[in-house]
Amino acid sequence: MFAIDIIIVILVAVFAAVVGLFVGSVIRKAVSEKTIGNAELKAKNLLLDAEKRAESVRKEQILEAKEEAHRIKKELDEEIKERKLEISKSERRLIQKEETLDKKIENIEKKEEGLADKERGLAAKEEDLQNAIERQNDELEKISALTRDEAKQILLSNIERDVRGEAAALVKEIETEARENGDRKAKEIITGAIQRCAADHVAEITVSVVPLPSDDMKGRIIGREGRNIRAIESMTGIDLIIDDTPEAVVLSGFDPVKREVARLSLEKLIVDGRIHPSRIEEMVNKAEKEVANVIKEAGEQATFDTGVHNLHPEIIKLIGRLKYRTSYGQNVLKHSIEVSHLAGLMASELGLDPKLAKRAGLLHDIGKAVDHEREGTHVELGIEILKKYKESQAVIDSMASHHGDYEPKTLEAILVTAADALSAARPGARMETLETYIKRLQQLEEIANTTKGVDHSYAIQAGREIRIIANPDEVGDKDIVFLARDISKKIESEMEYPGQIKVNVLRETRAVDYAK
């Protein structure tokens, strides 16, 4: 019984499940069909909306394209219109130019016709004039009873007689003038010959070296945080260079007097051993006084040695300052004294004024005493100084012309220039590097060799003369004068050289014949 109940329950459960499945299937089918219907409806609606939108976009694009095409067509029409207008203007301008050219051609033709008429008229007048001259000559021959050739001969004879008389008078006048001016001309020639050896080289020594007892002294000179070296530099105006150089300090500055003050001050400080700002100031003041006394004594001794007196005290001090000035390794004070002696001796030999020559020689480099303090060349500064202290114009002119900046106005001025060159050029007076010397000689020969008609050239006398061998096939005897002048002009324009350079042109003339 119990088993039957279980079977019945199982059967009822199975049946209920089958019924449930059937009902569920029916329900799902109904729901699916409804969902599919809704989806299809939505799809149709979306499709219709898309078609409407596409149609709207297409119409908008067509409208925009039409507007763009209309705009482009309008721009093209305007551009074509402007081009046509420009072409029309160009055509009008061309027509106007053609009309103008036609008028000019017509005027030129008229002028040509007028010139042709004038030429014909001139030819006729010239013919008439020639006929008139012939008639006048015939009449003159009849009146003078002389032929044309005879009259010409008489006229030439008279002219020759007159010219000979004038030539004789001119020769006599020249000889008289030559005798009167012979001495002066001879002196000018001699001074010009002396001036051949002129030299003009200047270099400056702008440093001094102070020896130290030991390298420890360098630290004491520098001082704490550099206060001592700053004090020395500010009080003297000179730079102290303390480097790895053993037991030495270098003083650098363009003012030689200040450099000497700094050197003496530093030497005194080293000997004293007490190096601090107040002691430095004291030593600098002492050194300045010592240098001032040395300068004064040197200036007075120079005037005494040269016999130049009645100089202004300030000029004497400036002469003494030259003791501390060098030019290309040569002491300027000794150089000035030497120039004074040389100029005076030459002036005495030539019968000129030795006092003027010696005075100008001593003062010729006075501007170098202040050329590190003021603007300008030492010549310009020297002129300013001599004018300030009322020196004579002859002395100023002689000083001003010693480097060729001004033309010499007196023979004494030429002597000062020559003496300056002699003092500077004598062996051992100044230094010139071998490289600079050779370069100057090569440049001199190159200028000569590149001139047409020159076969060979040789620089001699340390570059003060160039001897040129001319090519006899290209240059005649009369042409060598012009060749020498051309080369001298090229040397003046292309080279920098001391004094004068003699250009000596030689041409060989050969005459060959054979005895048969």
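The rules behind these values
- Residues numbered from 1 in each chain as written.
- Predicted model: local features only at pLDDT ≥ 70, side-chain atom pairs only at ≥ 80, totals over all residues.
- Heavy atoms only, no water.
- Helix = DSSP H or I, 4+ residues; strand = E, 2+ residues; numbered from the N terminus.
- Buried < 20%, exposed > 50% of the residue type's maximum accessible area, 1.4 Å probe, protein only.
- Contact = heavy atoms within 4.5 Å.
- Pairing = 2+ DSSP bridges.
- Axes fitted to C-alpha atoms, helices over the stretch in contact; angles between N-to-C directions.
- Parallel < 35°, antiparallel > 145°, perpendicular 65-115°, else oblique.
- Left-handed = near helix turned anticlockwise from the far one by under 90°.
- Nonpolar A, V, L, I, M, F, W, Y, C, P; charged D, E, K, R; others polar.
- Salt bridge = Lys/Arg side-chain N within 4 Å of Asp/Glu carboxyl O.
- Patch = residues over 30% accessible without salt bridge, like charges linked within 9 Å, V, L, I, M, F, W, Y side chains within 5 Å.
- Areas by Shrake-Rupley, 256 points an atom, 1.4 Å probe, with all protein chains shown as cover.
- Core = buried A, V, L, I, M, F, W, Y, C linked by side-chain atoms within 4.5 Å.
- Lys, Arg positive; Asp, Glu negative; His and termini not counted.
- Charge placed at Lys NZ, Arg CZ, Asp CG, Glu CD.
- pLDDT = per-residue confidence, 0-100.

Student: Describe in detail the overall build of the protein, supporting the description with residues and values.
Tutor: The number of helices and strands found in the protein is 14 helices and 8 strands. Looking at the protein as a whole, 30% of its 516 residues qualify as buried. Considering only residue pairs separated by 6 or more positions, the protein has 62% of its internal contacts joining residues 24 or more positions apart.

Student: I'd like a rundown of the sheet that holds strand S8 (residues 502-506), residues and numbers included.
Tutor: Pairing is mixed across the open sheet formed by 3 strands, whose spatial order is S6-S7-S8. Strands at the two margins of the open sheet, each flanked by one partner only, are strand S6 (454-460) and S8. Averaged over neighbouring strand pairs, the angle between their axes works out to 20° when direction is ignored. Two elements, S6 and strand S7 (residues 465-470), share 6 bridges in a ladder whose sense is antiparallel. In the sheet register, Ser-457 faces S7, and the bridge partner there is Ile-468. The strands that helix H14 (residues 479-494) touches are S6, S7 and S8; relative to S8, the one it contacts most, it runs at about 150°.

Student: Provide a residue-level description of the packing of helix H9 (residues 354-363) against helix H11 (residues 393-400), including the pertinent values.
Tutor: Interhelical geometry of H9 versus H11 gives an angle of 50° and a closest axis separation of 9 Å. As far as their axial angle goes, H11 and H9 are oblique. The handedness of the crossing between H9 and H11 comes out as right-handed. Between H9, through Leu-356, Arg-359, Ala-360 and Leu-363, and H11, the contact on the second element is made entirely by Ala-394, Val-395, Ser-398 and Met-399. Here the residues of the contact of H9 with H11 are counted per class, giving 6 nonpolar, 1 polar and 1 charged.

Student: Give a detailed account of the pattern of salt bridges, specifying residues and quantitative values.
Tutor: Any two side chains of opposite charge can pair, on the condition that their charged atoms come close. This structure, assessed with the given rule, holds 18 salt bridges. One salt bridge connects Arg-71 with Glu-68, and the closest N-O pair in it is separated by 2.2 Å. Of this pair, Arg-71 and Glu-68 both sit in helix H1 (residues 2-144), 3 residues apart, which is roughly one turn of that helix. Given the relative accessible area of 38%, Arg-71 is considered partly exposed.

Student: Tell me about a nonpolar patch on the surface, and name the residues and values.
Tutor: Where nonpolar side chains cluster on the molecular surface, the patch consists of Phe-15, Val-19, Phe-22, Val-23 and Ile-27 and spans about 500 Å² of accessible area. Along the polypeptide, Val-19 turns up in helix H1.

Student: How would you sum up helix H7 (residues 313-321)? Please name residues and give values.
Tutor: Turning to H7, its buried residues number three or more, namely Ile-315, Ile-316, Leu-318, Ile-319, Gly-320 and Arg-321. Those residues of H7 hidden inside the fold are in contact with helix H5 (256-272), helix H6 (277-306), helix H8 (332-349), H9 and helix H10 (378-388).

Student: Lay out the packing of H6 against H8 in plain terms, naming residues and giving numbers.
Tutor: At a closest axis distance of 10 Å, the pairing of H6 and H8 adopts a crossing angle of 20°. One finds that H6 runs roughly parallel with respect to H8. The handedness of the crossing between H6 and H8 is right-handed. Contacts from Ala-298, Ala-302, Asp-305 and Thr-306 of H6 reach H8 at Leu-333, Ile-337, Ser-340 and His-341. For the contact of H6 with H8, a count of residues per class yields 4 nonpolar, 3 polar and 1 charged.

Student: Mind laying out the nonpolar core, listing which residues take part and the relevant values?
Tutor: Formed by 42 residues in total, the largest nonpolar core has its most connected members in Leu-311, Ile-315, Ile-319, Leu-333, Leu-363 and Leu-386. Put simply, the parts of the chain that give this core at least two residues each are H6, H7, H8, H9, H10, H11 and helix H12 (411-425). Not counting residues up to four positions away in its chain, the partners in contact with Leu-333 are Ala-298, Ala-302, Ile-319, Leu-322 and Lys-323. Leu-240, Val-261, Ile-275 and Val-284 belong to the second largest nonpolar core, which has 26 residues in total.

Student: Requested: an account of the pairing of S7, with residues and values cited.
Tutor: The sheet contact formed by S7 and S8 spans 5 bridges and is parallel. Paired with Ile-466 across the bridge in S8 is Val-503.

Student: Could you give an account of a positive patch on the surface, naming the residues involved and the relevant values?
Tutor: The grouping of Lys-89, Arg-92, Arg-93 and Lys-97 at the surface amounts to a positive patch. Considering the arrangement of structural elements, one finds Lys-97 in helix H1.

Student: Give me the environment of Lys-286: which residues, what numbers.
Tutor: Its place among the elements puts Lys-286 in helix H6. Lys-286 gets classed as partly exposed once you look at its relative accessible area, which sits at 41%. Between the alpha carbons of Lys-286 and Val-261 there is a distance of 8.9 Å; along the sequence they are 25 residues apart.

Student: Describe in detail H10, supporting the description with residues and values.
Tutor: Those residues of H10 lying buried are His-378, Val-379, Leu-381, Gly-382, Ile-383, Ile-385 and Leu-386. Buried positions along H10 lie against H7, H9 and H11. Within two residues after H10, Lys-390 carries a phi angle of roughly 60°, on the positive side.

Student: An account of the confidence of the model for the protein is needed here, citing residue identities and associated values.
Tutor: When pLDDT is averaged along the protein, the result is 79, and 84% of the positions lie at 70 or above. Across the protein, H9 holds the top mean pLDDT of 90, while helix H2 (residues 148-194) sits lowest at 64. For residues 192-204, every residue scores under 50 in pLDDT, and the model assigns this stretch 40 contacts once sequence neighbours within four places are set aside.

Student: How would you sum up unusual backbone geometry? Please name residues and give values.
Tutor: A positive phi angle is found at Glu-225, which is not glycine, with a value near 55°. Looking at the secondary structure, you find Glu-225 in the loop between helix H3 (216-222) and helix H4 (227-236). Look at Lys-390: it is not a glycine, yet its phi comes out positive at around 60°. Considering the arrangement of structural elements, one finds Lys-390 in the loop between H10 and H11.

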